[in-house]
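Topology and contacts: notes
One letter stands for each residue in the lines below.
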Amino acid sequence: MKRIVSLVLALLLVVGLCDTAAPARAATGGKLIALTFDDGPGPYTERLLDGLKERGVKVTFFMVGNRINRYTKTVARAYQEGHQIANHSYDHSNLANLSAAAVRRQIQNTNALLDPICGAGTDYLVRAPYGSTNATVRTNVGAPLVLWSVDPEDWRDRNATTVKNRVVNRARDGSIILLHDIHSTSVTGALAAIDVLLDQGYEFVTVRELYRRRGVAMENGVSYSSRGPNGTDLGPVTAPEFSDEAVDGQLQVTLTAQPGASIYYSLEGPELNQASKRYTGPFTVSTPCNVWAVAAYDMNGSRSEVVKKTFTYPTAKSPILQVTDGTLTLKGRTEGTDLFYTLRTAGSQEGEKQAYTGPVSLTPGTEIAAWAAGEGYLDSAAVRGVYSDRGNFFRDVFPSDWFYDAVDEAVQAGWTAGFAGEEFLPRQALTRAELVTLLYRRAGAQVTQAEIDECPFRDLVKDGIFRDAVCWAYAREIVNGYDGLFRPNDPISRQEMSKVLTLFLVSQGKVLPEDAGAVQIYSDAKSIAGWALPYVEAATACGLLQGSDGKFLPAGRTTRAEAATVLTRVTEAENRLPDRT
Ligand code: ZN
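Calculation rules
- Along each chain, residue indices are assigned from 1 in the same order as the chain's sequence is written.
- Given that this is a predicted model, residues contribute local features only at a pLDDT of at least 70 and side-chain atom pairs are listed and counted only at 80 or more, while totals for whole chains, interfaces and linings are drawn from all residues.
- Side-chain calculation: all heavy atoms of the structure are included, whereas hydrogens and water are not.
- Only buried residues count toward a nonpolar core. Its members are Ala, Val, Leu, Ile, Met, Phe, Trp, Tyr and Cys residues joined through side-chain atoms within 4.5 Å.
- Only protein chains enter the accessibility calculation, which uses a 1.4 Å probe; a residue is then buried when its area is under 20% of its type maximum, exposed when over 50%, and partly exposed in between.
- Working definition: helices are DSSP H or I runs of at least four residues, strands are E runs of at least two. Numbering for both runs from the N terminus.
- Residues count as neighbours in contact if any of their non-hydrogen atoms are within 4.5 Å of one another.
- Residues adjacent in sequence count toward polar contacts only when both atoms are side-chain atoms; beyond that, a polar contact is any pair of N or O atoms within 3.5 Å, and within protein one must be able to donate a hydrogen and the other to accept it.
- By definition here, a salt bridge exists when the distance from a side-chain nitrogen of Lys or Arg to a carboxyl oxygen of Asp or Glu is within 4 Å.
- In this description, strands pair whenever DSSP reports at least two bridges between them.
- Ring geometry is summarised as follows: Phe, Tyr and Trp rings, the Trp one being its six-membered ring, pair when their centres sit within 6.5 Å, and such pairs are stacked at plane angles under 30 degrees, edge-to-face over 60 and tilted between the two.
- Both a distance and an angle decide whether a charge sits over a ring: NZ of Lys or CZ of Arg must be within 6 Å of the ring centre and within 35 degrees of the ring normal.

Turning our attention to the nonpolar core. Residues V407, L435, W472, I478, M497, L501 and L544 are the most contacted members of the largest nonpolar core, which totals 61 residues. Every element with two or more residues in this core is listed here: α11 (404-412), α12 (432-443), α14 (465-475), α15 (494-507), α16 (533-542) and α17 (560-576). Here L501 is in contact with L435, L439, L544, V566 and V570, once residues within four sequence places are set aside. Core analysis: the second largest hydrophobic core is formed by 40 residues, V59, Y79, L179 and M299 among them.

The structure is reproduced here in structure tokens:
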């Protein structure tokens, strides 16, 4: 007795080791049968598939190539439902009577019709019509050759009960049974036989699976007619398992399967085949989404059921970020999440991630990134901002932007007051009213009531900074509008801007350089309007505006970011140009 106990323990130990170290699974000792259906697809194949699906049974179809195009939907259904699709020649010729090249054509033409359904790269077992083979066939099919061990001669009697009885009586563990789904009686008889054999404890598998389960590798050109029990049962292919983890605000999906099995997956739908995406490691998804996956030793006949997993992780909302007088405050918008932030100062790397516990004092020149994260949520998108070198707060201007310093200076000087705040909108087109307002602030001017009274434009909002600036500019002949309209919200063109900038310098008492011909450096000089020509020449000579790739682009627009840099050039010109005496 004691010896038996220790033997059992030793066995348990071995089994335990095998489970983790080897692909082999514990033997289950199932009784296996491979039903095969030849000469289809045909008009009864769908009924057979219905019956097989109802019973959870997988079989192998040896299909005749020239029938496939009439039944592509049926073939696709058989494949998708996990049955094995195999090759029964193109036109049911006796392959043993054919040349090597003709044998190859019979096989390859059929494979080519199956590939669009099963996916390029699929291997198809071959059954030669009549089981007729010779050396030429064996060396040219390029696949294992499948025969049978039970032939109920279903094509001869056409009697469902006879078919059923012969299948039931002759079935053994490991049998390959020959049937034909082009006969209605064979379909009925086969389904009846399946019911009896299921009750007797048989498990129905594809031919590929019969050999895999029994640990036998099938070889091209070799014939196989049955595989009785040999002490090995590697067990069925189990479906892959999903696990997921939120990583950097995205959901990372990991799939696992039995050792040696491949995993195929899709985010589009359940129809997977050999050409589907093959899992090579964790991947990220946006939620919500569905992922379908299947584990396979061979997608054609040796695979698990397709399993679907729905990922519905919500994403946390970004926090509200505010900077007031150099103090950062964050406010969460998703309950159950915590807030985090990083700070980065000029020239340094992104700082360490810190948990937000209350207001934070900032030093000028600090970039801020903040987000929300929590159990059961994907991290929110980061919200960003800059507490600038001059103590301004921007949400859309960063030290890495070429215009950062010019914008920071313009805002700090108060030139953008009234139309630019935390959102500077640097890439938005500068309007006519905005340019005039920049210059009005820049001049530190005050409009007078008389100037407002004499201002002729009907399309200015009654009060406010734009009206004051435009009326001030009109009084100094910097702008003149269009027949009583100023069109304040129109983007200003570069030639219009040349006029406004040069007339501004004149109003400031400056003498402009006389430099007729300065525009000749532009390849598009001819497209500058006649009225604008002297202003573009002066603006070019003063260095206020420069071309781009040798062109002036007179009708081109200016962004608000570019306007900030133009203002610094206006300052340089003012310092350089002589005063009118
Ligand atoms: Zn046949």
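Right, picking up where we left off after that structure.
Before going further, it helps to spend a moment on the side chain of E451. Mapping E451 onto the fold places it in helix α13 (residues 449-454). The exposure class assigned to E451 is buried, which follows from its relative accessible area of 14%. Looking at E451, its side chain comes within polar contact range of the side chain of R476, at 3.1 Å. When sequence neighbours within four positions are dropped, the list of residues in contact with E451 reads Q446, C471, W472, A475 and R476.

As enumerated under the stated definition, the model contains 27 salt bridges in all. A salt bridge links R427 to D401; its shortest N-O distance comes to 3.6 Å. Taken as a pair, R427 in the loop between α11 and α12 and D401 in the loop between β23 (393-394) and α11 lie far apart in primary sequence, 26 residues in all. Of the residues examined, D401 reaches a relative accessible area of 16% and is grouped as buried. One network of salt bridges, with partners in common, ties together E46, D50, K53, R77 and E81.

Residues L328 and L330 point to one face of strand β17 (residues 327-331) and are all buried, whereas T327, T329 and K331, pointing to the other face, are not buried. As paired strands, strand β16 (residues 320-324) and β17 are joined by five bridges and run antiparallel to one another. Note on β17: the bridge partner recorded for T324 is T327. A loop of two residues connects β16 with β17, the two strands running antiparallel in sequence, and D325 in this loop sits at a positive phi of about 50 degrees.

Another point: the packing of aromatic side chains. What characterises a pair of aromatic rings is the spacing of the ring centres plus the angle enclosed by the ring planes. One pass over the full model with this rule turns up 14 aromatic pairs. Between F457 and Y474, the ring centres sit 5.4 Å apart and the planes meet at 80 degrees, which makes this aromatic pair edge-to-face. Taken together, the positions of F457 in the loop between α13 and α14 and Y474 in helix α14 put the pair 17 residues apart, joining distant regions of the chain. Taking the relative accessible area as the measure of exposure, F457 reaches 9% and is therefore buried. Aromatic side chains Y522 and F552 sit 5.1 Å apart centroid to centroid with 45 degrees between the ring planes, which places their arrangement in the tilted category. In this pair, Y522 sits in the loop between α15 and α16 while F552 sits in the loop between α16 and α17, placing the two residues 30 residues apart along the sequence. Summarising the burial analysis for this pair, Y522 and F552 share the class buried. Here the aromatic cluster, defined as three or more aromatic residues joined through ring pairs, consists of Y265, Y279 and F283. Over the ring of Y202 we find K31, and its NZ or CZ is 4.4 Å from the ring centre.

Limitation: the analysis is restricted to geometry and does not speak to function.
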